[in-house]
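If you want the building blocks of each chain, they are given just below.
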Amino acid sequence: MKVSVLGCGRWGSCIAWYLDKIGQEVTSCGLADAPEFIQLSTTRKNDYLAFPESIKITSNLHQAVESAEVIVISISSQYLRSYFEDIAKNNLDGKIIVLCMKGVEASTGKRLSEIVGSFVDESKTPIAVWVGPGHPQDYVRGIPNCMVIDSNNREVKEKLVNEFTSELIRFYLGTDLIGSEIGAAAKNVIGIAAGMLDGLGYTSLKGALMARGTREIARLIKALGGNEMSAYGLCHLGDYEATLFSKWSHNRMYGEDIIKGVKFEKLAEGVMTSKALLKLGNEHNVDLPIVQSVYDVLFENTDPKEALGKLFMRSVKKEF
């Protein structure tokens, strides 16, 4: 298939590299003045991988969109709405939009597919999401993993799973778009909490964090109309190893750097997602103590040790 990957960052470049590797016809598109695009377009490589000659690199958004059957978007989730305003200036009928990014819009609490859905007619331009564990640093070394593609359009997600599955990434068919998106976004917030535990030397508490975090997000998914069991799948719990433990996890490292007093320079989606999830929790009367603790540290200047201490010293409760 002709696939245009919009976004040249860590994940965008990895997706383009992967789809080319499995035989798709790939165009990588980025902003002309973005450092990531400049590096890729001039050297055909970045800190993670090298592009073969078969991948076309362009900053012409219209050209990238017009030529594609499938448009994969991998940018910072908080910029999706403004970016899609430019994408939507093109004729998108008959194209598939795949969102390979994890977040919730902080200002509205909207899922990413809802944002795109406000611009397109999904009967003409179906929307899918690509979520699950893995890091580019592992994929380029040939280390396999499993991921999920979900959509309200069964035919579309089956087509994408069949086209994109390989020995490197096995894709599963998602069955709950709400759960897939919320679960994938929320694991980044749990990742920040895990990083703070690492920084404080409380790594042993990650077991409790994982058990409680999954249940917390399951309740939110259910309140939003999704299947609470999705939190126990690859979109959330199945992504904990990559997010709560890996040295490559931006969100875990962000949390650890808070404790160390070091400024983290890369994108950590969980920061703004904590604000979005707290908004959803308040609107739907769902108690989100871990999300609240992370938010308090990030936006209310609460001492991390105090916030996490309160989290793990709450009143006695049953496990489930």
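This is a predicted model, so every value here is computed, not measured.

Draft legend 1. How the structure looks around the overall build of the chain. Of regular secondary structure, the chain possesses 14 helices and 8 strands. For 320 residues, the compact-globule estimate of 2.2 N^0.38 gives 20 Å, and the C-alpha radius of gyration of the chain, at 19 Å, lies within 12% of that figure. With 320 residues in all, the chain has 55% of them scored as buried. For the chain, restricting intrachain contacts to residue pairs at least 6 apart in sequence, the fraction spanning at least 24 positions comes to 70%. Looking at the chain, you have 36 positive and 39 negative side-chain charges, and the mean spots of the two groups are 4 Å apart.

Draft legend 2. Representation of the pattern of salt bridges within the structure. Within the structure shown, the criterion is met by 18 salt bridges. Residues K102 and D239 are paired through a salt bridge, measuring 3.2 Å at the closest nitrogen-oxygen approach. Of the two residues, K102 is situated in the loop between β5 (96-99) and α5 (112-117) and D239 in the loop between α9 (206-223) and α10 (240-245); the sequence distance between them amounts to 137 residues. Residue D239 is classed as buried on the basis of its relative accessible area, which comes to 1%. Between E228 and K222 there is a salt bridge, and its shortest N-O distance comes to 3.8 Å.

Draft legend 3. Just empty space enclosed by the protein, in detail. This structure, assessed with the given rule, holds 1 cavity of 30 Å³ or more. Within this model, the largest cavity holds a volume of roughly 60 Å³. Along its surface, the largest cavity is lined by L99, M101, K102, G103, L112, V129, V131, E181, A184 and A185. Broken down by secondary-structure element, the contributors of at least two residues to the lining of the largest cavity are β6 (127-131) and α8 (177-200). Among the elements that take part in the lining of the largest cavity, α8 stands out by supplying 3 residues, more than any other. The class makeup of the residues in the lining of the largest cavity is 7 nonpolar, 1 polar and 2 charged.

Draft legend 4. Highlighting the packing of aromatic side chains. Within this structure, the stated rule accounts for 6 aromatic pairs. A centroid spacing of 6.3 Å and a plane angle of 65 degrees characterise the contact between W11 and Y139, whose relative ring orientation is edge-to-face. Here Y139 lies in helix α6 (residues 136-139) and W11 lies in helix α1 (residues 10-21), a separation of 128 residues in the sequence. Geometry around F245 places K206 over its ring, the cationic atom sitting 4.4 Å from the centre. The lysine or arginine in question, K275, covers the ring of F299, its NZ or CZ lying 4.5 Å from the ring centre.

Draft legend 5. A look at the sheet that holds strand β1 (residues 2-6). Taken in spatial order, the 8 strands line up as β3-β2-β1-β4-β5-β6-β7-β8 in an open sheet, and their pairing is mixed. Only two strands of the sheet have a single partner each, and these edge strands are β3 (56-58) and β8 (169-173). Ignoring which end each strand starts from, the neighbouring axes of this sheet average 25 degrees apart. Note that β6 and strand β7 (residues 145-151) share 4 bridges and pair antiparallel. Across the sheet, residue V129 finds its bridge partner in β7, namely D150.

Draft legend 6. Structural context of the side chain of T273. Mapping T273 onto the fold places it in helix α12 (residues 270-283). Residues in contact with T273, not counting those within four places in the same chain, are G103, V104, A185, A186 and V189.

Draft legend 7. Examining unusual backbone geometry more closely. Unusually for a residue other than glycine, R44 sits at a positive phi of about 60 degrees. As for its position among the elements, R44 is in the loop between α2 (35-43) and β3. Of note, N301 is a non-glycine position whose phi angle comes to about 60 degrees, a positive value. Checked against the element boundaries, N301 lands in the loop between α13 (289-299) and α14 (304-312). In this structure N301 comes out as exposed when scored by relative accessible area, which is 72%.

Draft legend 8. Spotlight on the environment of P35. Locating P35 in the fold gives a position in helix α2. In this structure P35 comes out as exposed when scored by relative accessible area, which is 62%. As a C-alpha pair, P35 and V131 span 96 residues in sequence and 25 Å in three-dimensional space.

Draft legend 9. Region of the structure containing the packing of α8 against helix α11 (residues 250-260). Two elements in contact, α8 and α11, have axes separated by 6 Å at closest approach and are oriented at 40 degrees. It follows that α8 is oblique to α11 by the angle criterion. Crossing of α8 against α11: the hand is right-handed. Contacts between α8 and α11 involve N188, G191, I192, A194, G195, M196, D198, G199 and L200 from the first element and N251, R252, Y254, G255, E256 and I259 from the second. Grouping the constituent residues of the contact of α8 with α11 by class yields 6 nonpolar, 6 polar and 3 charged.

Each value, and the rule that gives it
Residues numbered from 1 in each chain as written. Predicted model: local features only at pLDDT ≥ 70, side-chain atom pairs only at ≥ 80, totals over all residues. Heavy atoms only, no water. Helix = DSSP H or I, 4+ residues; strand = E, 2+ residues; numbered from the N terminus. Rg over C-alpha atoms; globule rule 2.2 N^0.38 Å. Buried < 20%, exposed > 50% of the residue type's maximum accessible area, 1.4 Å probe, protein only. Contact = heavy atoms within 4.5 Å. Lys, Arg positive; Asp, Glu negative; His and termini not counted. Charge placed at Lys NZ, Arg CZ, Asp CG, Glu CD. Salt bridge = Lys/Arg side-chain N within 4 Å of Asp/Glu carboxyl O. 1 Å grid on protein atoms, 1.4 Å probe; cavity = no way out; pocket = protein on both sides within 12 Å on 5 of 7 lines; lining within 4 Å. Points joined across faces, edges and corners; volume = space filled by probe spheres on them. Nonpolar A, V, L, I, M, F, W, Y, C, P; charged D, E, K, R; others polar. Phe/Tyr/Trp six-rings, centres within 6.5 Å; stacked < 30°, edge-to-face > 60°. Lys NZ or Arg CZ within 6 Å of the ring centre and 35° of its normal. Pairing = 2+ DSSP bridges. Axes fitted to C-alpha atoms, helices over the stretch in contact; angles between N-to-C directions. Parallel < 35°, antiparallel > 145°, perpendicular 65-115°, else oblique. Left-handed = near helix turned anticlockwise from the far one by under 90°.

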